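Residue-level structural notes
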Amino acid sequence: MSTVVVGYVPKPEGEAALDKAVEEARLRGAELIVVHSHRARGDEEEPDLTAVRARLDESGVTYEVRQLVRGFEAAEDLVSVAEAQDAELIVIGLRRRTPVGKLILGSNAQRVLLDAHCPVLAVKA
């Protein structure tokens with residue numbers, strides 16, 4: 001079975017990426033792997049992804065949710081999961097940028113685009 005990997009953050013760009021990834025997984029008949037990666041900072045709690053799981057249950061796609069707290073950058077985690085699963089697509093969300101910010105796409109998004117072994121679909125919220 002083919003695999004679509006999506007980077008998820010509980011923000012509008014993460015929601016847009018998740019919606020598009022579900023759509024792509026359906027179209028491709030693929031399993032969806034949702035990767036939520038963050039660095040642990042002191043007493044910071046992991047976000048509750050219960051609503052995400054409920055949404056995925058309703059979507060009808062086969063999925064797996066991975067919450068990674070390993071100290072790596074989100075881009076590293078996303079690319080390594082995609083490589084390990086031999087994913088056919090990575091979906092990421094982009095946030096709005098100022099004109100100056102547009103010169104620099106965003107370090108995580110740029111790293112995923114440059115380091116990924118498969119196509120990357122970038123969506124805006």
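Computed from a predicted structure; not experimentally measured.

Let's talk about the pattern of salt bridges
Under the criterion given, the structure shown has seven salt bridges. In this structure, Arg55 engages Asp19 in a salt bridge whose closest nitrogen and oxygen atoms are separated by 2.4 Å. Note that Arg55 is positioned in helix H2 (residues 50-59) and Asp19 in helix H1 (residues 12-28), a separation of 36 residues in sequence. Assessed through its relative accessible area of 29%, Arg55 is described here as partly exposed.

Points about the confidence of the model for the protein chain
Across the protein chain, the average pLDDT comes to 86, with 84% of residues at or above 70. Of all the helices and strands in the protein chain, helix H4 (residues 107-115) carries the lowest mean pLDDT, 86, while strand E1 (residues 3-7) carries the highest, 96.

Topic: the packing of helix H3 (residues 74-84) against H4
Contact pair H3 / H4: the axes reach a minimum separation of 8 Å and the direction vectors enclose 30°. Classed by the angle they form, the pair H3 and H4 counts as roughly parallel. The two elements H3 and H4 cross, and the hand of that crossing is right-handed. Taken together, the residues of H4 that come into contact with H3 (itself represented by Ala74, Ala75, Glu76, Leu78, Val79 and Glu83) are Asn108, Arg111, Val112 and Asp115. Here the contact of H3 with H4 is built from residues that sort into five nonpolar, one polar and four charged.

As for the side chain of Ser59
The topology assignment puts Ser59 in helix H2. Taking the relative accessible area as the measure of exposure, Ser59 reaches 13% and is therefore buried. For Ser59, the residues in contact, after removing those within four places along its chain, are Val22 and Arg26.

Some words on the nonpolar core
Core analysis: the biggest nonpolar cluster contains 20 residues, and Val4, Val6, Leu18, Leu32, Val34, Leu56 and Val91 have the highest contact counts within it. Elements represented by at least two residues in this core include exactly E1, H1, strand E2 (31-37), H2 and strand E4 (89-94). Once you skip the residues sitting within four places of it in the chain, Val4 turns out to touch Ala21, Glu24, Ala25, Arg28, Ala30, Glu31, Leu32, Ile33, Leu89 and Val91. By size, the runner-up hydrophobic cluster in this structure holds 17 residues, among which are Val5, Ile90, Leu94 and Cys118.

Quick word on H2
Residue pairs spaced three or four apart in an α-helix point in one direction, given the helix's 3.6 residues per turn. The complete set of buried residues in H2 reads Val52, Leu56 and Ser59. One side of H2 holds all its buried residues, which, seen down the axis, span an arc of 50°. Those residues of H2 that are exposed and angled more than 90 degrees off the buried face are Ala51, Asp57 and Glu58. Check the buried side of H2 and you find it contacts H1, E2 and strand E3 (63-68). Just beyond H2, the residue with positive phi is Gly60, at close to 85°.

Definitions and limits used
- Residues numbered from 1 in each chain as written.
- Predicted model: local features only at pLDDT ≥ 70, side-chain atom pairs only at ≥ 80, totals over all residues.
- Heavy atoms only, no water.
- Salt bridge = Lys/Arg side-chain N within 4 Å of Asp/Glu carboxyl O.
- Helix = DSSP H or I, 4+ residues; strand = E, 2+ residues; numbered from the N terminus.
- Buried < 20%, exposed > 50% of the residue type's maximum accessible area, 1.4 Å probe, protein only.
- pLDDT = per-residue confidence, 0-100.
- Axes fitted to C-alpha atoms, helices over the stretch in contact; angles between N-to-C directions.
- Parallel < 35°, antiparallel > 145°, perpendicular 65-115°, else oblique.
- Left-handed = near helix turned anticlockwise from the far one by under 90°.
- Contact = heavy atoms within 4.5 Å.
- Nonpolar A, V, L, I, M, F, W, Y, C, P; charged D, E, K, R; others polar.
- Core = buried A, V, L, I, M, F, W, Y, C linked by side-chain atoms within 4.5 Å.
- Arc of directions from axis to C-beta.

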